[in-house]
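Listed here are the chains, written in short residue letters.
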Amino acid sequence: LEKRQESSKIAKARTAGSRMELFRKAEVMLDDAKFEKHAHQRHALRNRAAAIALGCAVPARPGDVVTHHILGVGITFEPGRNAYRFRYTPQKTQFSTGQKINIPLRPAWNKFIDALILQDQDPRYLGQLRAKAIDEGRPLYVHYDGTPAVYTWYSRMWTLVTGTGGQIARTLIYDDAIAHGEDGIQAARIATGHSPNSPI
């Protein structure tokens, strides 16, 4: 059973596409969102684009997306860098290895989070809306009616785009890392919250 699961994961990773390909798809989705006729469709497409793009940078488990991908909690904005940082201890390892996720995103990633904060508002209000979202501890992914996205939502977005759930992002980050040798593998361990000597 274990061997079949591993083979299945590898096959799914091959069909999902690379992280760069998925990031480009997410950029297209984000651009396309502004042309959707209805506000709820624009909202949904922005959410999906952010889930795919940010999953390429922070390959989180769905449970961590619900619990920690919250503005002002697991996601902070650092004005000095003009960029966001994801920082939290994954639920699965909090009582075992206790490895922390600490990923400072570059400003190029801001557009995805900023789009979720702004929705259809004028960009000049971003600072105020960001501060409000952080003060309120707003989940990164909320539906058009304001309710937080549920546990299964994140993987469903990945399935729509890649044909498999969000966990595949954790495999893809290692695929990229292996090309950079041991340093790349250690960077992937940090991004996924795996301990330095964990088997992969």
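Everything that follows concerns the structure shown earlier in this document.
Quantities reported herein were computed from a predicted structural model and do not represent experimental measurements.

Draft legend 1. Fine view of empty space enclosed by the protein. Throughout the structure, instances matching the rule amount to one cavity of 30 Å³ or more. The space that makes up the largest cavity amounts to roughly 30 Å³. The wall of the largest cavity is formed by Val-58, Pro-59, Ala-60, Arg-61, Asp-64, Tyr-88, Pro-90, Ile-101, Arg-170, Ala-191 and Thr-192. By residue class, the composition of the lining of the largest cavity is seven nonpolar, one polar and three charged.

Draft legend 2. How the structure looks around the sheet that holds strand 2 (residues 83-88). The three strands are arranged 1-2-3 in an open sheet whose pairing can be described as antiparallel. This sheet does not close on itself; its edge strands, each paired only once, are strand 1 (75-78) and strand 3 (101-104). On average, each strand axis in the sheet is tilted by 20° relative to the strand beside it, whichever way the strands run. Looking at chain direction, strand 2 and strand 3 are connected through four bridges and run antiparallel. Looking across to strand 3, one finds that Arg-87 is bridged to Asn-102. The sheet strands contacting helix 5 (residues 110-118) are strand 1 and strand 2, and the helix crosses strand 2 at an angle near 85°.

Draft legend 3. Region of the structure containing the side chain of His-43. Inspection of the secondary structure assignment puts His-43 in helix 3 (residues 39-57). Here His-43 falls in the buried class, since its relative accessible area comes to 6%. Side-chain polar atoms of His-43 contact the backbone oxygen of His-143, separated by 3.4 Å. At a separation of 3.4 Å, a polar atom in the side chain of His-43 contacts the main-chain amide nitrogen of Tyr-144.

Draft legend 4. Spatial organisation of the environment of Ala-51. Following the sequence through the fold, Ala-51 ends up in helix 3. If we ignore the near neighbours within four places in the chain, the residues touching Ala-51 are Tyr-141, Trp-153, Tyr-154, Met-157 and Trp-158.

Draft legend 5. How the structure looks around the pattern of salt bridges. On inspection of all chains with the given rule, the structure shows nine salt bridges. Residues Asp-120 and Arg-46 are paired through a salt bridge, measuring 3.0 Å at the closest nitrogen-oxygen approach. Taken together, the residues Asp-120 in the loop between helix 5 and helix 6 (126-136) and Arg-46 in helix 3 connect sequence positions 74 residues apart. Note that Arg-81 is salt-bridged to Glu-78, the shortest N-O span being 2.5 Å. Overall, the relative accessible area of 18% leaves Glu-78 in the buried class.

Conventions we followed
- The numbering scheme is per chain: residues are counted from 1 as the chain's sequence reads.
- Totals for whole chains, interfaces and linings use all residues, but because this is a predicted model, local features are given only for residues with pLDDT of at least 70 and pairs of side-chain atoms are given and counted only at 80 or more.
- Hydrogens and waters are ignored; side-chain quantities use all the structure's heavy atoms.
- Space inside and on the surface of the protein is sampled on a 1 Å grid over the protein atoms alone, with a cavity defined as a set of points where a 1.4 Å probe fits but cannot get out and a pocket as an open set with protein on both sides within 12 Å along at least 5 of 7 lines; lining residues have an atom within 4 Å of a point.
- Grid points are joined across faces, edges and corners, and a volume is the space filled by probe spheres set on the points.
- Any residue outside Ala, Val, Leu, Ile, Met, Phe, Trp, Tyr, Cys, Pro, Asp, Glu, Lys and Arg is labelled polar, Gly included; the first ten of those are nonpolar and the last four are charged.
- Whether two strands pair depends on DSSP finding at least two bridges between them.
- In this description a helix means any DSSP run of H or I spanning at least four residues, a strand means any run of E spanning at least two, and both kinds are numbered starting from the N terminus.
- Convention adopted: a line fitted to C-alpha atoms gives each axis, helices being fitted over their contacting stretch, and angles between N-to-C directions are expressed from 0 to 180 degrees.
- The contact rule is simple, with two residues in contact once any of their heavy atoms fall within 4.5 Å.
- Each residue gets one of three labels from its accessible area relative to the maximum for its type: buried under 20%, exposed over 50%, partly exposed in between, using a 1.4 Å probe on protein chains only.
- As used in this structure description, the phrase polar contact means that two N or O atoms lie within 3.5 Å; if the pair is within protein, one of them must be able to donate a hydrogen and the other to accept it, and residues adjacent in sequence are counted only when both atoms belong to side chains.
- Every case where a carboxyl oxygen of Asp or Glu lies within 4 Å of a side-chain nitrogen of Lys or Arg is listed as a salt bridge.

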